[in-house]
Amino acid sequence: MSYPQEVIPSFDVAANELFFDRHPDTALEHQIQVRPYNAASTKTMRSLNPADIDQLVTIGGMVIRTSSLIPEMREAFFQCHICRNSLAVEIERGRIAEPTLCRNCNTNHSFQLIHNRSHFSDKQMVKLQESPEDMPAGQTPHTMVVFAHNDLVDQVQPGDRITVTGIYRATPMRANPRQRNVLSVYKTHFDVVHYRKIDLKRLHEAADEEGIKTLNLSEERIAYIRDLSKKEAIYERLASALAPSIYENVDIKKGILLQLFSGTKKEFKNTGRGRFRSDINILLCGDPGTSKSQLLQYVYGLVPRGQYTSGKGSSAVGLTAYVTKDPETRQLVLQTGALVLSDNGVCCIDEFDKMNESTRSVLHEVMEQQTLSIAKAGIICSLNARTSILAAANPIESSWNKNKTIIENIQLPHTLLSRFDLIFLMLDPQDELFDRKLANHLVSLYYKGAEEEEQEQLNLGTLKDYIAFARAYVHPRISENAGQEFIQAYVEMRKVGSGRGQVSAYPRQLESLIRLAEAHARMRLSEVVEVEDVREARRLHREALMQAAVDPSTGKIDVSILTTGLTGAVRKQRVERSKLLLELIKTKGKVLVLKYNKLFDEFREKLAEKGEQYTTHDMFDDALKDLQDDNEIVRTGTNIRLML
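Quantities reported herein were computed from a predicted structural model and do not represent experimental measurements. (Residues numbered from 1 in each chain as written. Predicted model: local features only at pLDDT ≥ 70, side-chain atom pairs only at ≥ 80, totals over all residues. Heavy atoms only, no water.)

1. Brief notes about the overall build of the chain
Logical step 1: Each helix and strand in the chain was counted, giving 21 helices and 27 strands.
Logical step 2: By residue count, 43% of the 644 residues in the chain fall in the buried class.
Logical step 3: Long-range pairs, those at least 24 residues apart, make up 68% of the contacts in the chain between residues at least 6 apart in sequence. (Helix = DSSP H or I, 4+ residues; strand = E, 2+ residues; numbered from the N terminus. Buried < 20%, exposed > 50% of the residue type's maximum accessible area, 1.4 Å probe, protein only. Contact = heavy atoms within 4.5 Å.)

Below, the structure written as structure tokens:
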């Protein structure tokens, strides 16, 4: 559209005239405004050129920063300081023409601007970054400054993927603000006429003024979704529609499906507990080449506020927030990172094991409290990071060692592992029958037509609509029977390990069960969590525990691997060795100082008598450290002395 600055106001006038012709007795609070969108010239940021200036253009991108509200003058009020004559001047094309001559007293340059009697309108600066899909390979993303006015202020948040229709403008830059000379290079920006949040490739999501999510789904589509939810095996059909190119791994797909549905948001401010976490965190770990990264990429492409990052290429500030100087205002501002941008979405982190310690420590608060506390350069705040985390990690020895625990295999801190609701192992089974089926599946992807695939699998569009509808409108509550089932499940989980002196469940596991059961009820579009939801959550949780929290020495589930990093059997052996060493030292009688090497040889002989053939220096050091912590001995270098 050419000359949008003149044409759009004409649209507004025509729309208002038409309305009052049909409804002459109606009084409107605000005038009707026409906001055209989907302009014929839809462009990428890179392809904008001088021919597009002052034209109506549509561009797409991701919001990375929004400024606070800026008051912009709409009507200036001038007063003559000699005769007090007043004059109101409206803004025209972004400029205010200051009156030079007072018509009352004929004095030149006698007008003063009265700020508190002028009229102002709202304005906001939004920084838009190029979408990854529009970027050429090997290029850094372009950014553009977008200005929103009046009711378009605060309509988008950082992390939103939007399509903007507006007027592309160029403003001259001054070399010195106090001089009238301007540079030959102009500065460009975008004046918004219309925002559109829908991205056709992702889940639909839109929020109204009260923050309640509403969807652009027709009545027929909603009726179709409700009918679909009543069909048998809908759980299996939805799980198979998720990443259909990846063979098997049904339980992992079911876990990711429940993560996409998520639990019900709960707030218990009256009880002093605050907000409960409703998002589900999942860790995938196992052998290379088992399609972990493919699953992450698929989920990232599906959710509306998803972020994808790699462990090695991410820093702590890149995940959280960093302080930068705003080029416009020259003030320090907070630029948000991946975790904050994926608020109410999923943050996919690949190569999780290769993150450095400082980067990983940031995730502790995000994964349980779902907030991010920042104290940098005088900016102290707590940001919302209500994000689900889907992470993938490889073992240290490149392939999974079944004789080691998960902590020893992937070298992650147990404090972080205990915050994951589900930990799945994706192992290469090295079985001929499985290899044949997998190869058959991979080859079939190349020769099957799109129609055959659609017949076999649930349509991807249907899956997106189904998840979006469930998240927006279904908020399940726990029934009395389901509550009793939760209690019974937790007691049984605790009972499994109590006989062997191992811990097989913590309250965190119970909260995980509740989240999974709520997500399963939401998947059925049910407003009530039933017993069947609890049983499926229990089954899925047990499957994940059987893979991740098994003690290699006993073959039994021991959750203390995830919470303390040591199995119950290892802890028991360590206590026995410490007791044996203390007895050995006490038999020495009045010998004041014992030498390290001599004591180690005697300790090894004692353990050999008990049937333990292999004794390492690490075992001996652990026993010494435990005794030192209990104030039984004092160790200085290679000298060991008993406390009297």
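2. Focus: the pairing of strand S7 (residues 143–149)
Logical step 1: In terms of residue burial, S7 counts as a mostly covered element, since five of its seven residues are buried.
Logical step 2: Relative to strand S9 (residues 182–196), S7 runs parallel, the two sharing two bridges. By the bridge assignment for S9, Val-146 is matched with Phe-190. (Pairing = 2+ DSSP bridges.)

3. With respect to the pairing of strand S18 (residues 346–350)
Logical step 1: Across the five residues of S18, five count as buried, placing the element largely inside the fold.
Logical step 2: Here S18 shows two buried faces, one formed by Val-346, Cys-348 and Asp-350 and the other by Cys-347 and Ile-349.
Logical step 3: Relative to S18, strand S15 (residues 307–310) runs parallel, the two sharing four bridges. Residue pairing in the sheet places Ser-310 in a bridge with Asp-350 of S18.
Logical step 4: Across four bridges, the pairing between S18 and strand S21 (residues 388–393) is parallel. When the sheet's bridge partners are listed, Val-346 is paired in S21 with Ser-388.

4. Some thoughts on unusual backbone geometry
Logical step 1: With a phi close to 50 degrees, Asn-150 is a non-glycine residue in the positive phi region.
Logical step 2: Summarising the element assignment, Asn-150 is placed in the loop between S7 and strand S8 (161–174).
Logical step 3: Residue Asn-150 is classed as partly exposed on the basis of its relative accessible area of 39%.
Logical step 4: Backbone geometry at Asp-154 places phi at a positive 60 degrees, although glycine is not the residue there.
Logical step 5: Relative to the elements of secondary structure, Asp-154 occurs in the loop between S7 and S8.
Logical step 6: A residue is classified by how much of its surface remains accessible, and Asp-154, at 52% relative accessible area, is exposed.

5. A look at helix H2 (residues 219–229)
Logical step 1: Where H2 is concerned, the buried positions are Ile-222, Ile-225, Leu-228 and Ser-229. Down the axis of H2, the buried side of the element spans an arc of 120 degrees, and every buried residue falls inside it. For H2, the exposed residues set more than 90 degrees away from the buried face come down to Glu-219 and Glu-220.
Logical step 2: Here the buried face of H2 lies against helix H3 (234–241) and helix H14 (460–473). (Arc of directions from axis to C-beta.)

6. Things to note about the sheet that holds strand S27 (residues 639–642)
Logical step 1: Spatial ordering of the open sheet is given by S25-S27-S26, a layout of three strands whose pairing is antiparallel. The two strands at the open ends of the sheet, each matched to only one other strand, are strand S25 (593–595) and strand S26 (633–636). Put simply, the sheet's adjacent strands are angled 30 degrees from each other on average, direction ignored.
Logical step 2: Here S25 pairs with S27 via three bridges, running antiparallel. Note that in S27 the partner of Lys-595 across the bridge is Asn-639.
Logical step 3: In this fold helix H20 (residues 596–609) packs onto S25, S26 and S27, with an angle of close to 75 degrees to the strand it touches most, S25.
Logical step 4: On the sheet, helix H21 (residues 617–629) packs against S26 and S27 and is oriented at approximately 125 degrees with respect to S26. (Axes fitted to C-alpha atoms, helices over the stretch in contact; angles between N-to-C directions.)

7. Comments concerning the confidence of the model for the chain
Logical step 1: Per-chain confidence: the chain averages 76 in pLDDT, with 85% of residues scoring 70 or above.
Logical step 2: A low-confidence stretch, residues 206–213 (pLDDT under 50), is modelled with eight contacts involving residues beyond four sequence positions or located in other chains. (pLDDT = per-residue confidence, 0-100.)

8. Topic: helix H4 (residues 250–261)
Logical step 1: In this model, H4 (twelve residues) spans 17 Å end to end at C-alpha, consistent with the 16 Å of a helix rising 1.5 Å per residue.
Logical step 2: Taking burial as the measure, the twelve residues of H4 include ten buried ones, the bulk of the element.
Logical step 3: Looking at H4, one finds that the buried residues are Ile-252, Lys-253, Lys-254, Gly-255, Ile-256, Leu-257, Leu-258, Gln-259, Leu-260 and Phe-261.
Logical step 4: Just downstream of H4, Ser-262 is the residue with a positive phi angle, here 60 degrees. (Expected span 1.5 Å × (residues − 1).)

9. With respect to the packing of H20 against H21
Logical step 1: Their axes nearest at 11 Å, the elements H20 and H21 cross at an angle of 105 degrees. Relative to H21, the element H20 lies roughly perpendicular. In contact with Tyr-596, Leu-599, Phe-600 and Phe-603 of H20, H21 contributes His-617, Phe-620, Asp-621 and Leu-624.
Logical step 2: Here the contact of H20 with H21 is built from residues that sort into six nonpolar, one polar and one charged. (Parallel < 35°, antiparallel > 145°, perpendicular 65-115°, else oblique. Nonpolar A, V, L, I, M, F, W, Y, C, P; charged D, E, K, R; others polar.)

10. Brief notes about the pattern of salt bridges
Logical step 1: Counting across every chain of the model gives ten salt bridges.
Logical step 2: Note that Lys-123 is salt-bridged to Glu-72, the shortest N-O span being 3.4 Å. A residue pair is termed long-range when its members are at least 10 positions apart, and Lys-123 in strand S6 (residues 119–129) and Glu-72 in strand S3 (residues 70–80) qualify at 51 residues.
Logical step 3: Residue classification places Glu-72 among the partly exposed positions, given a relative accessible area of 24%. (Salt bridge = Lys/Arg side-chain N within 4 Å of Asp/Glu carboxyl O.)

11. Some points on the sheet that holds S15
Logical step 1: In spatial order, the strands read S15-S18-S21-S14-S22; together these five strands make up an open sheet with parallel pairing. Bordering the open sheet on either side are S15 and strand S22 (422–426), each of which pairs with just one other strand. Each strand axis lies, on average, 15 degrees off the axis of its neighbour in the sheet, ignoring direction.
Logical step 2: In this structure, strand S14 (residues 282–286) lies alongside S21, joined through four bridges in parallel fashion. Paired with Ile-282 across the strands is Leu-390, a residue of S21.
Logical step 3: Across the sheet, H4 lies against S14, S21 and S22, angled at about 150 degrees from S22, the strand it touches most.
Logical step 4: Its contacts with the sheet put helix H5 (residues 292–302) on S14, S15, S18, S21 and S22, and the angle it makes with S18 is roughly 155 degrees.

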